[in-house]
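# Residue-level structure breakdown
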Amino acid sequence: MIKTSYEFDQSILPAGSSLKTNILLRFRAEIAESPRRNLNLSLVIDRSGSMAGAPLHHALKAAESVVDQLEPDDILSVVVYDDEVDSVVPPQPVTNKSALKNSIHKVRAGGITNLSGGWLKGCEHVKTRLDPQKINRVLLLTDGHANMGIQDPKVLTATSGQKAEEGITTTTLGFAQGFNEDLLIGMARAATGNFYFIQSIDEATEVFGIELDSLRAVVGQNLKVTLELADGVSLVDTLSLAKVTQNDAAQAVLTLGELYEGEDKLLGLSLMISSAQVGELPVMKLHYSADVVQDDLIQSVSGTVDIVAKVGTVEEAAFASTSHIILELSRLTIAKVKETALNLAEHNRHQEAEETLRALVKDLRDKGLNENFEIAEEIDQLEYFAGRIAQKALGNAGRKEMRDQTYQTMTRNRSDLVGRGVTAGDDVYAMPIVNEVGSGVQLCCVREGGKLRVKVISEGYDSTKNVQFRRAIRAEGARYVVEGLELSSDRTFYRVHGNITRFAQPGEADIFVAPRQSNLTNTGKASKGPASATDLPTTDSVGDSILVQCVKDGSKLRARVVSDGYEPDWNMRFPRSVREEGMLYLVDEVKTAPDGKSYIACGEIKRFVQPTITVSS
């Protein structure tokens, strides 16, 4: 049984002239005491060179945490990939967790990124145990771009959709700042899976946990909605992420994916309605279908809902109460505008993108929605992104934040996935600094569930309440002094008033004096090696260095760059005395050789030693 409901953003629409209106539809699978569905899960983990060190360590710890949370009737496989693809755990029931975790913790970083090979192997493993009564899912984690195997995003995205039609859904997880978000989001959308931006490497376990919670909560799949619009009604826009197609009757068909226990699936629509008479106005017939858990089996259900709007006089419409769903529609509208602005900026229409964001900020303020903390937070985000776009300085981190925030808001109805972003605002470095609080109020910026939140430190205030604060000067670990705080009208959060300065504790190192620069000295001189690789200094941290691997090419040992952003098949001028097959090295600098098709290793060379990973029992 699927429960449906709908509400317009105006409880009474004005009669007479044509108008644009928004509607929010809710879908929820009502399952009595829904049993947990077993999983057929493949973890596909990038172990390419760029994952070396802490990133791979945290990814593997996250994989171990998945093992801990699975049941004996679940099926698990684990695939790791660089230029080669290895199944470290072939598909099997989760009956010996210690053995599974031992297999995982032995994984070590390697070469370049054959994303397609790893992902397709994970799909193959899921297919061997495919069961329509299970959740059949591949979790693909990567921190870089596909630079080996199938690399065309269109092919990978289309293939992801084909695998979904076979019953294999893909969830993608982008790690840190080097991955291709368009590819990963495209694959997730095509498969009606989920996408996550793991912005900080120590968040990996938390994000894997969110996905596992979601998989356990799946009570319906393949939700499809067909819009049979009434005469005089047209679809302007879809405010939720959905695959939109047309049937033979030229009606819009929206594929919305999975239904989660206890979570509404939201569908926002923007409609144009021609002039209407006072009374009840038929707007559309909404036809839906989904595969839902009933009586411990997956069964197909379908239904039709008549969508009717109430039309009144202009006066009645003006005095009618605004629907309480205006907040949910506003969140969807904000996400849609972020997506629009980002597309405009990427077509060099920066001024138009900035104006689009600022116009929405004004509209939200005019409606008084800034009195809601989450919308107030969104306003700060919109102003921050507008400023960055205006300066043509959105950057890689800002783009990923916008894409992630848009995706999560328009696909899920979970507060812990909305508004994430941990990148320091650049303006924090230019703030005036004070060394004492005086009569002011001290605040600190912390990361909570992927979000930058500002809290009160000074006594006399409620430290559990959030503080509305400019996004551009937020940075995890930063402290501030403000002239004062005032409670919002609903007394649920604080607002800052007066000047804001950054607080630096006397005698403590100030990490926000200036943007942190690489400590490496780029000498420009070709690297020289000792007598053998054993004489090289060692390190287990990549830091700002560039990772190089020695590989066998025919009868020769070649040095190749495996860090992202370099050509993976170019040869490198590298000391022969330290070359050992399979070994990883770190160099200070890599320069393009005069021939324009090879590299030169420059500066000090270190041997990279894989960090030790402790296996939990």
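First things first, this report covers the structure right here in the doc. (Residues numbered from 1 in each chain as written. Predicted model: local features only at pLDDT ≥ 70, side-chain atom pairs only at ≥ 80, totals over all residues. Heavy atoms only, no water.)

## Structural notes on the packing of helix α4 (residues 153–165) against helix α5 (residues 181–190)
Across the interface, α4 lies against α5 with an axial gap of 7 Å and an inter-helix angle of 25°. Compared by their axis directions, α4 and α5 come out roughly parallel. Seen from above, α4 lies across α5 with right-handed handedness. Facing α4, whose interface residues are Pro-153, Leu-156, Thr-157, Ser-160, Gly-161 and Ala-164, α5 presents Leu-183, Gly-186, Met-187 and Ala-190. (Axes fitted to C-alpha atoms, helices over the stretch in contact; angles between N-to-C directions. Helix = DSSP H or I, 4+ residues; strand = E, 2+ residues; numbered from the N terminus. Parallel < 35°, antiparallel > 145°, perpendicular 65-115°, else oblique. Left-handed = near helix turned anticlockwise from the far one by under 90°. Contact = heavy atoms within 4.5 Å.)

## Quick look at the packing of aromatic side chains
The tally for this structure, following the rule as stated, stands at 12 aromatic pairs. Both rings, one in Tyr-6 and one in Phe-8, keep their centres 6.2 Å apart while their planes meet at 90°; by these two values the pair is edge-to-face. Lying over the aromatic face of Tyr-384, Arg-471 brings its terminal NZ or CZ to 4.5 Å of the ring centre. (Phe/Tyr/Trp six-rings, centres within 6.5 Å; stacked < 30°, edge-to-face > 60°. Lys NZ or Arg CZ within 6 Å of the ring centre and 35° of its normal.)

## Structural notes on the pairing of strand β14 (residues 265–273)
For β14, the tally of buried residues reaches 8 of 9 residues, placing the bulk of the element in the interior. As judged from the 5 bridges shared by strand β11 (residues 233–238) and β14, these two strands associate in the antiparallel manner. Across the sheet, residue Leu-235 finds its bridge partner in β14, namely Leu-271. (Buried < 20%, exposed > 50% of the residue type's maximum accessible area, 1.4 Å probe, protein only. Pairing = 2+ DSSP bridges.)

## Details of the pattern of salt bridges
In the structure shown here, the tally under the stated rule is 42 salt bridges. Lys-134 serves as the salt-bridge partner of Asp-131, at 3.5 Å between the closest nitrogen and oxygen. Given a relative accessible area of 23%, Asp-131 falls into the partly exposed group. Measuring nitrogen to oxygen at the nearest pair gives 2.8 Å for the salt bridge that ties Glu-181 to Lys-400. With Glu-181 in helix α5 and Lys-400 in helix α11 (residues 395–411), this residue pair connects regions lying 219 residues apart in the sequence. Each of Glu-181, Asp-182, Glu-346, Arg-399, Lys-400 and Arg-403 takes part in a single network of salt bridges with overlapping partners. (Salt bridge = Lys/Arg side-chain N within 4 Å of Asp/Glu carboxyl O.)

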